[in-house]
Amino acid sequence: MATAAVSNPMSEITLPRGCTFERDDWIILAKHWYPIAMAREVGEKPIGTKLLDQPLVIYKADGAIVVAPDICPHRGVPLSLGTQIESGVVCAYHGLKFGAEGKCVHVPASPARDIPARLHLATFPAVERYGLIWTCLLPESAEPAPGAIVDMPHWDEPDFQQIVCPWMDIFGFAGRQMEGFLDVAHFAFVHTDTFGDANNAEVPAYKTRVTDTGFEAEYWSTVGNYPIGVEGRGVPGFRWLRHFRCHLPFVATLEIHFPGTDRLSIMNAASPVSAKVTRLFAPMARNFDKDLPLQDVYDFNYRVFLEDKSIVETQMPECLPLDPTMEAHIPADLSSMAYRRGLKAMGLSRFFIS
Ligand code: FES
Ligand SMILES: [Fe+2]
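Model, not experiment: these values are computed from the prediction.

A. Geometry of the side chain of S221. Inspection of the secondary structure puts S221 in strand β13 (residues 214-221). Residue classification places S221 among the buried positions, given a relative accessible area of 5%. Among the polar contacts made by the side chain of S221, one reaches the main-chain amide nitrogen of V223 at a distance of 3.1 Å. Excluding its chain neighbours within four sequence positions, the residues that come into contact with S221 are P204, F238, R239, W240 and R242.

B. Representation of the sheet that holds strand β8 (residues 104-106) in the model. The four strands are arranged β5-β6-β7-β8 in an open sheet whose pairing can be described as antiparallel. Edge strands, defined here as strands with exactly one partner in the open sheet, are β5 (83-85) and β8. Two elements, strand β6 (residues 88-90) and strand β7 (residues 97-98), share two bridges in a ladder whose sense is antiparallel. Paired with V90 across the bridge in β7 is K97.

C. Seen up close, the coordination of the iron ion (ligand 2). In the first shell of the iron ion (ligand 2), the protein supplies H186 (NE2), H191 (NE2), D308 (OD) and D308 (OD), at 2.0 to 2.7 Å from the metal. In this structure, the iron ion (ligand 2) is surrounded by four donor atoms whose angles at the metal cover 53 to 151 degrees, and the resulting shape is irregular. Between the donor residues of the iron ion (ligand 2), the gaps in sequence give the motif H-x4-H-x116-D. With a relative accessible area of 2%, H191 lands in the buried category.

D. Geometry of the pairing of strand β10 (residues 132-135). Here β10 shows no split at all, with L132 and W134 on one side and I133 and T135 on the other all buried. Alignment of strand β1 (residues 34-38) against β10, held across four bridges, turns out to be antiparallel. Counterpart to Y34 in the pairing with β10 is T135. In this sheet, β10 lies alongside strand β9 (residues 127-129) in antiparallel orientation, the contact comprising three bridges. Within β10, the position partnered with V127 by the bridge is W134. Taking the residues between adjacent antiparallel strands as the criterion, β9 and β10 are bridged by two residues, where Y130 takes a positive phi near 60 degrees.

E. Quick look at the environment of K97. Relative to the assigned elements, K97 resides in strand β7. As for K97 and A142, which are separated by 45 residues in sequence, their C-alpha atoms are 23 Å apart. When sequence neighbours within four positions are dropped, the list of residues in contact with K97 reads I85, S87, V89, V90, K103, C104, V105 and H106.

F. The pattern of salt bridges, seen in detail. Under the definition given, this model contains 10 salt bridges. A salt bridge links E327 to R176, with the shortest nitrogen-to-oxygen separation between them at 2.9 Å. Linking E327 in the loop between β18 (320-321) and α5 (334-345) with R176 in helix α2 (residues 174-181), this pair joins segments that are 151 residues apart in sequence. Of the residues examined, E327 reaches a relative accessible area of 22% and is grouped as partly exposed. Given a relative accessible area of 3%, R176 falls into the buried group. The network of salt bridges with shared partners includes R176, E179, E327 and R340.

So, how was this worked out
- Residues numbered from 1 in each chain as written.
- Chains lettered and ligands numbered in written order.
- Predicted model: local features only at pLDDT ≥ 70, side-chain atom pairs only at ≥ 80, totals over all residues.
- Heavy atoms only, no water.
- Helix = DSSP H or I, 4+ residues; strand = E, 2+ residues; numbered from the N terminus.
- Buried < 20%, exposed > 50% of the residue type's maximum accessible area, 1.4 Å probe, protein only.
- Polar contact = N/O pair within 3.5 Å; in protein donor to acceptor, adjacent residues only side chain to side chain.
- Contact = heavy atoms within 4.5 Å.
- Pairing = 2+ DSSP bridges.
- Donors = N, O, S within 2.8 Å, 3.2 Å for Na, K, Ca; no water.
- Tetrahedral: all angles 85-135°; square planar, octahedral: opposite > 155°, others 65-115°.
- Salt bridge = Lys/Arg side-chain N within 4 Å of Asp/Glu carboxyl O.

Following this line, the structure appears as structure tokens:
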């Protein structure tokens, strides 16, 4: 686990330039933790990304991960354009070097002079969990409080394989994508090339239950979970259990019970780059097929999420209306309604985002 000190660069709560969220919504969302990169992609070169419209740079300094605003305090060049070296990042413009905890440690044009504190980077926390780097823009401390980051079923169990699928960008709002992940009524229409069954569209009754971090739903159906084309692996008459756990605002896990003791746990972490762009991270854990090529899992997961992406990017309004009268609902929407109620209870605005 890599941790950076918290200097809370947002302490005066100045919203990022061009913020696409309403101010009060942004402040609520910025207190939560989100994944911003896969751990395995950090270190080769500085990574430039965004969270809630805040540009971020992620680099490594002597093995520790640093997350900071992606702007050089000297003349405002993005540090993500710089060079990753063993001990930190070197800015592309005048070569200022930044190391652990965002400290400026070298000014090539005046190497013998003291380095003023103004040249140090304000940093955000960096915590590695589930193969992802998580951060928070308005943290209470450098370490997430218990429950602040979702619990991933089975991830730490010895018999389970841990898989971190490459992320995918979706040009839509995180809330819309999340709601789609929790929705089972679309399988028969959207996922017919992967695992859905066009002839099995009815959604059996299910219930939702409020939890400390959101809600959960246990959903039983006869829609299988094997990729289409894989024959002979199901048990006739088997009823599948999909156990959804929603961790507000934008993370959920799905635990799928296969026949016998096989289990697959999938995380859907919809990281809000902005109100209009979502970076979707999807770690998984499974206790079967552990010797098969990982690329096959990546490819299948990509195809499933691509099917969802093609829908989410078309939805209007782009935001997620939290006023229940703004969209029409069907009985299968229990999870969706629980999700919207949960977001509303967080204090988010009625017509969520611009
Ligand atoms: S702008 Fe970064 S070193 Fe000058
Ligand atoms: Fe889907």
